[in-house]
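Listed below, chain by chain, are the residues.
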Amino acid sequence: EESAEAPAEAPAEESAEAPVEAPADVPAVAVADVVVEDGDRSKVLPHDPSVHAVPRKTHFGDEELIEDDTERKTFMQRMMDFGSSGVMYLPKSVDIANKRVNVVYCILEIIVLALTIWYFVRPEQYSASLTPDSQAIFCGSRCEPLPSMMDAMTDQAGSYCGGTVTYGSGAEMYGPFECLHRCGHANSSVASYCIHPSQLLRISGEEAFVPTSYRLSDMLPPNASSACDAGYTLQSAVCVKEQDYFVPAIEKLSVSFSHQFVVYPTYNSVSFQDRVSSPLKAHSGAYHSQGWDVGMLSVLFSPSGAELKRFQPGEGISLTIEEMLQAAYVEGADSISLDSTMDASSLPIRLTGLAVTIDIWTTSSNTCELHHTTETDPKEVTVEWSGPIACLSVHADRRWAKEQEEQTMGTTGLRVVHMNGVHVKFRQMGSFYFFHEQNLLRNITVVLLWVQFPVLICYWFCMLVLGMLSSIYSAVLHQEVNVAEGLKGFSVRLLTYSSAFMNLRGKSLNMKSDGITKKCVAERLSKICDNLEVEDSVLEHVGHVIFHSLKSFKKDNAPNTDVVTCQEFCAACSTNEPVQLDTLVKIFDKDRKLGCLESFFLDKTLGEVRRAAGAEGDSAEIEEAADDSEESHAAHSRVVQAYRDVQFMLKDLGRIEQLALKTAQDLDVNPSTLGLIGTSNHPGVAAPAGSVLPKLKRSVSEDSVGDEASAEKRDPRDIER
């Protein structure tokens, strides 16, 4: 009827107009004639230059156009697209409006916070303590006393020399004692024995022995008459002569030593320090240390922790026996000297000797630990210094300290020298602190676990203890996941979204696109904000943002439109859905190959739906192969099914046109009256006069259904319906 209403001949003004030129962006196509079949006859209609063939963009997308659009994007745009595809997941919490439960939670949080502060505020929690590799060295022959110094020391003879005092320890008797002098000294001729300066300090590795008393045992065989010489006594068929000596003023002897340390800093996984850097080390005799701007300071402390003496960097450490004993801690006594007695036997320490241990505590901090003090626990002392520190403390142990050596006398005699004295040794200790990043990370991890305790306790409290309230809270917190039921609900909600789209949509300005326009969005916003004091510019900006947010859901292969389509609207409405539209399509796509785990754990209901869809597709392929073998390759998709339906509709429409032409021929009616084949508007050219082109030899893959009628005579919504 629309074709019949059109005039048979175009007005003269229209015929005088120049033919419409094709747009610049429309590619040129070959000119083809339109063939109209009329029973046994066929008419060839010349091509109308006013009709242009426009390539159709189908829903499947033009791969070449998509590739060209990708190539037009810059490198930064592609990087931004890649970055915008990232997803960040945040935890979800449920707030319970119950004041009493909130009070319990606050109390638990306060307790955890107090424990955290109590445990994690200590700085040593984040430090790694390393024990340095220390070494102490006695000064050898180059530090032995000069003869003049030794003479000045041994000339200070005390009351213990030259007397008749004797000491007894059980069956053993000692005395009387004589004083030893340097060999070559004026007084050395008086005694039958003398010593050299090198014999005052006997060094063996990191230990030293300072003799304070000597006992010489001379042993000779009896003479020819089986008797012993004068001064010898016969003991077990051997003539023995014993003589005891003291070393006078031996407490004035200086013992010199030096010490050093090396420590290797630790490097862990998150440290940015140089792993090939040299170790930290320092020497007491050096003015500078490696790793610090200054050298190492050595400090001697008393048993009470008081500072007795300092040794600056580069200064040799030298302590007399008397200074060692004054700084020594002795169990059961406040002080000790060589004249003190060892025990209840009243033997002087000058006779028995004693063991002295010098502790050297090296550290990089300003705090040292003294282990031999009057206190039970180690005592901490503070020393102000910007470099490494060595704290010295002395411990004296009252016990016999002996050494022995043998000397030959002539060809048959033997001299055994028994020496008692002060035995000195070192014990190296210390700690160097370095920031340990792994300790920090471990403590942060513990904090994160601790802060979860109040939540977990309140969770189980609300789930198990509160009776019916626990049932309500459990229903809120525990969400049941049923994929099949979720898909059903999502499908129904999609229908609801499409209904809302039908109510919001409108025509675009060019009347070519149908969907939600900016005007529709602006109208709805104005109604929503009718009673609110909102400026028009703000509403316009908000509408612009909403419209473009909806357009952001456009698929890459979808045609470009100036309105929001139904697919874009439904995709925007389902953003908070647990199942997305693409996911729904992929789940029911029977051609998609399932993975091993997905196939094994697939929901039973979904599996039945996929199997039913596969069986239906197979039966449809069999039926279609029997009807039309040429199109048997496209029977698996609903989209392809709609494609075929439209093609069949065009074929039926072509057959109807043939019947109309035949009926007009039988009734002797001019076919141009039907509006199917128009009269020529130009001399020698035949072209359709109506708005509907002939349907013969038409294909849905080449022509769009939306172009079958002009916008003035057909509502595009009819096509969508």
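As a convention, each chain's residues are numbered from 1 in the sequence order in which they are written. Under the rules for a predicted model, residues below a pLDDT of 70 receive no local features and side-chain atom pairs below 80 are neither given nor counted, while totals for whole chains, interfaces and linings still include all residues. Only heavy atoms go into the side-chain values, all of them from the structure, while hydrogens and water stay out.

Examining unusual backbone geometry
Thinking step 1. Here Gly175 and Pro176 are connected by a cis peptide whose omega angle stands at -10°.
Thinking step 2. Helix and strand assignments follow DSSP, with helices taken as H or I runs no shorter than four residues and strands as E runs no shorter than two, numbered in order from the N terminus. Within the secondary structure layout, Pro176 lies in the loop between β6 (172–174) and β7 (177–179).
Thinking step 3. The phi angle at Ser226 is positive, at roughly 60°, despite the residue not being glycine.
Thinking step 4. In this structure, Ser226 sits in the loop between β9 (207–220) and β10 (233–235).

Section: the state of the cysteines
Thinking step 1. Whenever a pair of cysteine sulfur atoms sits within 2.5 Å, that pair is classed as a disulfide. According to the stated counting rule, one finds four disulfides in the structure shown.
Thinking step 2. Covalent S-S linkage joins Cys183 and Cys194, the inter-sulfur distance amounting to 1.9 Å. Judged by the sign of its S-S torsion, about 95°, the cystine formed by Cys183 and Cys194 is right-handed. Here Cys183 is found in the loop between β7 and β8 (202–204), whereas its partner Cys194 is found in the loop between β7 and β8, with eleven residues between them in sequence.
Thinking step 3. With a relative accessible area of 19%, Cys183 lands in the buried category.
Thinking step 4. Judged by its relative accessible area of 25%, Cys194 falls in the partly exposed class.
Thinking step 5. Here Cys228 pairs with Cys239 through a disulfide, and the sulfurs are 2.0 Å apart. Disulfide Cys228-Cys239: torsion about the S-S bond near -85°, hence left-handed. With Cys228 in the loop between β9 and β10 and Cys239 in strand β11 (residues 238–246), this residue pair connects regions lying eleven residues apart in the sequence.
Thinking step 6. The structure places no disulfide on Cys573, whose sulfur is separated from the nearest cysteine sulfur, that of Cys570, by 6.4 Å.
Thinking step 7. Only protein chains enter the accessibility calculation, which uses a 1.4 Å probe. A residue is then buried if its area is under 20% of the maximum for its type, exposed if over 50%, and partly exposed in between. Since its relative accessible area comes to 30%, Cys573 is described here as partly exposed.

Side note on the pattern of salt bridges
Close approach of charged atoms lets side chains of opposite charge pair.
Thinking step 1. The term salt bridge refers to a side-chain nitrogen of Lys or Arg lying within 4 Å of a carboxyl oxygen of Asp or Glu. Within the structure shown, the criterion is met by 16 salt bridges.
Thinking step 2. Put simply, Glu251 and Arg350 hold a salt bridge, and the shortest N to O gap is 3.3 Å. Of this pair, Glu251 sits in the loop between β11 and β12 (254–263) while Arg350 sits in helix α8 (residues 349–352), and the two are 99 residues apart along the sequence. Note on accessibility: Glu251 and Arg350 belong to one class, buried.
Thinking step 3. Between Asp652 and Arg655 there is a salt bridge, and its shortest N-O distance comes to 1.9 Å. Taken together, the residues span about one helical turn, with Asp652 and Arg655 both in helix α19 (residues 638–666) at a distance of three residues.
Thinking step 4. Given the relative accessible area of 35%, Asp652 is considered partly exposed.
Thinking step 5. On the basis of relative accessible area, Arg655 is assigned to the partly exposed category, the value being 46%.
Thinking step 6. Connected through shared salt-bridge partners, Glu172, Arg215, Glu242 and Asp244 make up one network.

What about helix α6 (residues 147–154)?
Thinking step 1. Considered for burial, the residues of α6 that qualify are Met150, Asp151, Met153 and Thr154. Down the axis of α6, the buried set is contained in an arc of 165°. They therefore lie on one face. Exposed residues on α6 whose side chains face more than 90 degrees from its buried face are Ser148 and Met149. The directions considered for the arc are those from the helix axis to the C-beta atoms.

Description of the packing of helix α13 (residues 518–528) against helix α14 (residues 536–551)
Thinking step 1. For helices, the fitted axis covers only the stretch in contact; all axes are lines through C-alpha atoms, and the angles between them, taken along N-to-C directions, range from 0 to 180 degrees. Remark: α13 packs on α14, axes separated minimally by 9 Å, with the N-to-C direction vectors making an angle of 130°. In this view, α13 runs oblique relative to α14, as classed from their interaxial angle. The handedness of the crossing between α13 and α14 comes out as right-handed. On α14, the residues that touch Lys518, Val521, Leu525 and Ser526 of α13 are Leu539, Val542, Gly543, His544, Ile546, Phe547 and His548.
Thinking step 2. Three classes are used, and their members are as follows: Ala, Val, Leu, Ile, Met, Phe, Trp, Tyr, Cys and Pro are nonpolar, Asp, Glu, Lys and Arg are charged, and the others, Gly among them, are polar. In terms of residue class, the contact of α13 with α14 is built from six nonpolar, four polar and one charged. To sort the angles, those under 35 degrees are grouped as roughly parallel, those over 145 as roughly antiparallel, those from 65 to 115 as roughly perpendicular, and the leftovers as oblique. Here a crossing is called left-handed whenever its near helix is offset anticlockwise from the far helix by less than a right angle, and right-handed whenever the offset is clockwise. Only heavy atoms matter for contacts: two residues are in contact if any of them lie within 4.5 Å across the pair.

Section: the side chain of Ser470
Thinking step 1. Relative to the helices and strands, Ser470 is located in helix α11 (residues 468–477).
Thinking step 2. Those residues in contact with Ser470, other than ones at most four positions away along the chain, are Phe461, Cys462, Met463, Leu464 and Val465.

Description of the side chain of Ser289
Thinking step 1. Mapped onto the elements of the fold, Ser289 is located in the loop between β13 (280–283) and β14 (297–301).
Thinking step 2. Identification of polar contacts relies on pairs of N or O atoms within 3.5 Å, with a donor-acceptor requirement for protein atoms, meaning one able to donate a hydrogen and the other able to accept it, and with residues adjacent in sequence counted only if both atoms are side-chain atoms. Side-chain polar atoms of Ser289 contact the backbone oxygen of Val294, separated by 2.5 Å.

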